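Overview (structure and organization)
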Amino acid sequence: ALRRWIRIPPDGDPFIQTLISYFKLNYRDGKISEVKAYLEQSPYIHHHYFDSYEHPVRLDMELTDKERALSIDDALTQIKECSENRVRQVRLYGSEKYEHLDRLLTALKDSDISAEIVLKTDVDKGQLSQMIGAGKTTFLVDIGSVSSEAAELKTLSLLQEMKITPVRVRWHMNAENAGDIKALTEHIETLGVTELVVTGMCADRPEQAVPGIEDIKQAADFINEHESESEGESEGEGESEGEDESGMVITVDSCFSPLRAYLGGEDPKQNANRGIARGCEAGRSFMALRADGKYSPCLNLETPGETSSLEMYWDQSDVIGSLRSEKRPSCNGCTYERRCLPCPVMREQGMLCPLSV
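Predicted model, so just to flag it, every value in this text is computed and none were measured. (Residues numbered from 1 in each chain as written. Predicted model: local features only at pLDDT ≥ 70, side-chain atom pairs only at ≥ 80, totals over all residues. Heavy atoms only, no water.)

So, the packing of aromatic side chains
Cut-off, in case you're wondering: Side-chain rings of Phe, Tyr and Trp (the six-membered ring for Trp) are treated as a pair once their centres are within 6.5 Å; stacked means planes under 30 degrees apart, edge-to-face means over 60, and tilted covers the remaining angles. A run of H or I in DSSP counts as a helix once it spans at least four residues, and a run of E counts as a strand once it spans at least two, with each numbered from the N terminus. Relative accessibility thresholds used throughout: buried, under 20% of the residue-type maximum; exposed, over 50%; partly exposed, between the two (1.4 Å probe, protein chains only).
Going through the model one piece at a time under the given rule, you end up with two aromatic pairs. Judged by centre distance (5.7 Å) and plane angle (45 degrees), the rings of Tyr 262 and Tyr 336 are tilted. Taken together, the residues Tyr 262 in helix H8 (residues 257–264) and Tyr 336 in the loop between helix H10 (318–324) and helix H11 (344–348) connect sequence positions 74 residues apart. Taking relative accessible area as the criterion, Tyr 336 reaches 9% and is therefore assigned buried. Note on Tyr 295 and Tyr 313: the rings are 5.3 Å apart at their centroids and 20 degrees apart in plane angle, and the pair reads as stacked.

This is how it looks when you write it as structure tokens:
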């Protein structure tokens, strides 16, 4: 009961209140009738951010990879476990070629779990119609190029033509494409995209160079400028009715912790990039199921896959436990270190955080 009381659900900022002086349970007819927590009277409030949510908020499910496909029985079992553990969303990878997608989406709908489909290749109208047939489905389109000939941008045009919303775009920023953020934003805004998610490098393309500090600064300046313009347009609209013309929003993925930390400013006391979402959330707010039916903290992490129940893996996996540990190898040291938790894949591949170089 105490653990449930001190943990705020995922829709709030997670923390543990450390000033509890004593805790009281009132009983009536052999049952707990009331729970009270008494706080120490102090002018200071100390928050200790805990290392993970009690249950995963999201499961990343890899339906197909280059060689394998997840069996429909394993997929349906996972959906049942997600429902039992109050998982709110399942993010689907490799769904373009998965033959049992309709059954899977129907099961997610029946379990009241939202589905987000990640699209990385070109799809046609028939595939999209099948994907939205079950309802409660949103789309996250991975963008690799700003070229108008890119398959992903053709998919966005098709989604707009079919009046499908909401649609989010995830853009992997690296040293080569860092200067494209403005052109990309202007182009996808015309395609009805509701949100641009700026994330770090693509794990399956390790040859790409890490964006430098100047790239980080320019991206941060553009994001701040775009946010200011959007707020100004919203205020100018007042109470007018009709569609919102203020444009899409730009957010920075927690995987791209250096940029999130930089946006928060140099003062660690004022920097809002804190808690679980301040950086890599693998094993903290989400976990993954690979196409071979084994669990992993994240689809990008090369770790030994484990086979168990969702609940057991979340609570007992040694790999998950090591990711939650705050005793990770430190960076080279910089102003943002307390508010930054870089992607462990970057460290494994020998990439240095641009803020500490």
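Quick word on the packing of helix H2 (residues 72–84) against helix H3 (residues 101–110)
We count it as follows: Orientation is described by axes fitted as lines to C-alpha atoms, over the contacting stretch for helices, and by angles from 0 to 180 degrees between their N-to-C directions. Here the angle decides the label: under 35 degrees means roughly parallel, over 145 means roughly antiparallel, 65 to 115 means roughly perpendicular, and every other value means oblique. Crossing handedness is defined as follows: a turn of the near helix away from the far one that is anticlockwise and smaller than a right angle gives a left-handed crossing, while the clockwise case is right-handed. Contact between two residues is taken to exist if any of their heavy atoms lie within 4.5 Å; hydrogens are not considered.
Close contact between H2 and H3 brings their axes to 10 Å; oriented N to C, the two are set at 10 degrees. One element, H2, and the other, H3, form an angle in the roughly parallel class. Between H2 and H3 lies a crossing of right-handed hand. For the pair formed by H2 and H3, the contact residues are Ile 72, Ala 75, Leu 76 and Ile 79 on the first element and Arg 103, Leu 104, Ala 107 and Leu 108 on the second.

Details of the side chain of Arg 170
Test applied: Each polar contact in these results corresponds to two N or O atoms within 3.5 Å; when the atoms are within protein, one needs to be able to donate a hydrogen and the other to accept it, and residues that are neighboring in sequence are counted only if both atoms are side-chain atoms.
Note that Arg 170 resides in strand S9 (residues 167–172). Since its relative accessible area comes to 8%, Arg 170 is described here as buried. Engagement of the side chain of Arg 170 in a polar contact is seen with the side chain of Tyr 93, the distance being 3.4 Å. Not counting residues up to four positions away in its chain, the partners in contact with Arg 170 are Arg 91, Tyr 93, Val 118, Leu 140, Val 141, Asp 142, Ile 143, Val 197, Thr 199 and Asp 253.

Regarding the pattern of salt bridges
Any two side chains of opposite charge can pair, so long as their charged atoms come close to each other. As a reminder of what qualifies: By definition here, a salt bridge exists when the distance from a side-chain nitrogen of Lys or Arg to a carboxyl oxygen of Asp or Glu is within 4 Å.
The final tally for this structure, using the stated rule, is eleven salt bridges. For the salt bridge of Arg 68 with Asp 65, the shortest nitrogen-to-oxygen distance reads 2.7 Å. Classification of Asp 65 by relative accessible area gives partly exposed; the value is 25%. Its salt-bridge partner being Glu 195, residue Arg 168 comes within 3.4 Å of it at the nearest N-O pair. Pair noted here: Arg 168 is in strand S9 and Glu 195 is in strand S10 (residues 195–199), with a separation of 27 residues, a long-range link. The exposure classification of Arg 168 matches that of Glu 195, with both residues buried. Three or more residues are tied together by salt bridges with common partners; here these are Asp 65, Arg 68, Arg 290 and Asp 292.

Quick word on the nonpolar core
Going by this rule: Put simply, buried Ala, Val, Leu, Ile, Met, Phe, Trp, Tyr and Cys residues joined by side-chain atoms within 4.5 Å make one nonpolar core.
With 66 residues, the main nonpolar core has Met 61, Leu 92 and Leu 156 as its most contacted residues. Among all residues touching Met 61, those that are not within four sequence positions of it are Leu 70, Ala 75, Gln 78, Val 90, Arg 91, Leu 92, Tyr 93, Leu 104 and Leu 289. Within the second largest apolar cluster, seven residues are counted, among which are Cys 280, Phe 286, Cys 298 and Val 345.

Quick look at the side chain of Thr 64
Note that Thr 64 resides in the loop between strand S5 (58–62) and H2. Polar contacts involving the side chain of Thr 64 include one to the main-chain carbonyl oxygen of Gly 94, which spans 2.7 Å. Non-local contacts of Thr 64, meaning those with residues more than four positions away in its chain, are made with Ala 69, Tyr 93, Gly 94, Lys 97, Tyr 98 and Ala 291.

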